[in-house]
Amino acid sequence: MPKFDVTTYGEGQLRYSVPPGQRLEMADKYDVNISGTEANVTTLLSRLGWNCGWVSSLPNNPMARRVYNAYMLSGLDLSAVQWKNYGRMATYYVEYAVPPRSTNVFYDRTNTCFTNMCNTDVDWDYILDTKILHLSGLTLPLSENTRIIINEAIDKAKAKNITVSFDVNHRTRLWSTETARKHLLPILEKVDLLFCGLRDARTIFDFSGSPQETLQQLQQLTSAKHLVMSMSENGLLGWDGQEMIHQPSRSVIVLDRIGAGDAMVGGVLHGYLQDDFVKGLVYGVTTASMNLSQYGDQLITNATELDEVVATPSGDIIR
């Protein structure tokens, strides 16, 4: 039996933000949170009782230890983290806003300790000792090194018959849609479980039509046996190899939008690991809504609370 249920490779970050009504250029203080799309997924799964491992590289400084300590609290295995005495920590800045302005995200992720990590730094025995390898398209554009590692990880996982989960997770401020399409297409041909937002499918691959038609077009590009298309407030559209399943979103009061997509992925994987893809879609819309209703990228919950929320249609009082 593999040591891990899910392993992943990704960058840890510090998130600095200002609340709606304030501007970054005038800020004299910031709210600090811990982020990292792959770690957001695996810390949630760890809190839900799964054994998960994270491969990354961190500089040996207090900022990186702040990230490390936050992940450690979830139960995520961090023994494969490469500590370096040089390099810097990735950060990003969020300027929250209300209409008519949009929330803005600004990345500072160039030449970090993680982006300089080489494939020879990866503990391949560790990351491949798993049932599922989960990777993200958000990490692909960070450097040539990250692209090499992601593609090598997928090829090694496929050679060992490990399930490959992949989230397209496109960011227009990290690379163009044309470049994203070029690098994503070969990956889509190899994955087993694919996550892709409706907007990403239409933007990157120039698909059109209804969500169902868009998902059908996406099927033609991938070998994935299971597909999950997120449709924001319209919930999830899943494909299990035989039929499409629509799972409506949950009613929620939004406090913080960032991280909801990662929480959704973690929820779907929670069901997928129980061999119940349809239940995974239910978990996915629930974890996304729970993440929207709290501050910070990481969803802080546990399996008991999640099942209680799934079983409780409204935000009732539990006494």
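Each chain has its residues counted from 1, running along the sequence as written. Predicted model: local features are reported for residues with pLDDT of at least 70 only, side-chain atom pairs are reported and counted for 80 or more only, and whole-chain, interface and lining totals are derived from all residues. The basis for every side-chain value is the complete set of non-hydrogen atoms in the structure, without hydrogens or water.

Now for helix α6 (residues 198-205). Among the residues of α6, those classed as buried are L198, D200, A201, I204 and F205. Summarising the axial view, the buried residues of α6 lie within an arc of 165 degrees, below the 170-degree limit, and thus occupy one face. Those residues of α6 hidden inside the fold are in contact with α5 (177-188), β11 (193-197), α7 (211-219) and β12 (226-230). Positive backbone phi, approximately 60 degrees, marks D206, located one or two places after α6. Residue burial is assigned from relative accessible area. The probe radius is 1.4 Å, only protein chains are included, and a residue is buried under 20% of its type maximum, exposed over 50%, and partly exposed in between. Helix and strand definitions follow DSSP, with helices as H or I runs of at least four residues and strands as E runs of at least two, each counted in order from the N terminus. Picture the helix axis, draw a direction to every C-beta atom, and the arc is the one those directions span. Whether two residues are in contact is decided by their heavy atoms: any pair within 4.5 Å suffices.

A word on a nonpolar patch on the surface. Side chains of I253, L255 and Y295 sit close together on the surface and give an oily, nonpolar patch of about 370 Å² of accessible area. Here I253 is to be found in the loop between β14 (244-247) and α8 (260-272). Residues enter patches when they are more than 30% accessible in relative terms and free of salt bridges; like-charged ones are connected within 9 Å and nonpolar ones (Val, Leu, Ile, Met, Phe, Trp, Tyr) within 5 Å. With residues, only the protein chains shown are counted as cover, and all accessible areas are computed by Shrake-Rupley using a 1.4 Å probe. Salt bridge, as applied in this entry: a Lys or Arg side-chain nitrogen positioned within 4 Å of an Asp or Glu carboxyl oxygen.

With respect to the helices and strands, the residue R109 is situated in the loop between β8 (104-108) and α3 (124-127). Judged by relative accessible area, which is 6%, R109 ranks as buried. Each polar contact in these results corresponds to two N or O atoms within 3.5 Å; when the atoms are within protein, one needs to be able to donate a hydrogen and the other to accept it, and residues that are neighboring in sequence are counted only if both atoms are side-chain atoms. Within polar-contact distance, the side chain of R109 engages the side chain of E11 at 3.0 Å. In terms of polar contacts, R109 uses its side chain to reach the side chain of Q13, at 3.5 Å. When near neighbours in sequence (up to four residues on either side) are disregarded, R109 contacts E11, Q13, R88, A90, T91, T115, L138 and L142.

Moving on to the nonpolar core. To qualify as a nonpolar core, a set must consist of buried Ala, Val, Leu, Ile, Met, Phe, Trp, Tyr and Cys residues joined through side-chain atoms within 4.5 Å. Counting 45 residues, the largest nonpolar core has Y9, L184, L194 and L218 as the members making the most contacts within it. Residues contacting L218, with those up to four places away along its chain left out, are L188, L194, C196, F205, F207, L227 and M229. If you look at the next biggest cluster of nonpolar residues, it comprises 41 residues, including M89, F195, F277 and L299.

Summed over the entire model, instances satisfying the criterion amount to 13 salt bridges. The salt bridge partner of D108 is R88, with a shortest N-O separation of 2.9 Å. Highlighted residues: D108 in strand β8 and R88 in the loop between β6 (82-84) and β7 (90-95), separated in sequence by 20 residues. With a relative accessible area of 30%, D108 lands in the partly exposed category. As a salt-bridge pair, K156 and E152 come within 3.6 Å of each other at their nearest N and O atoms.

Note that all results are geometric; they support no functional claim without further evidence.
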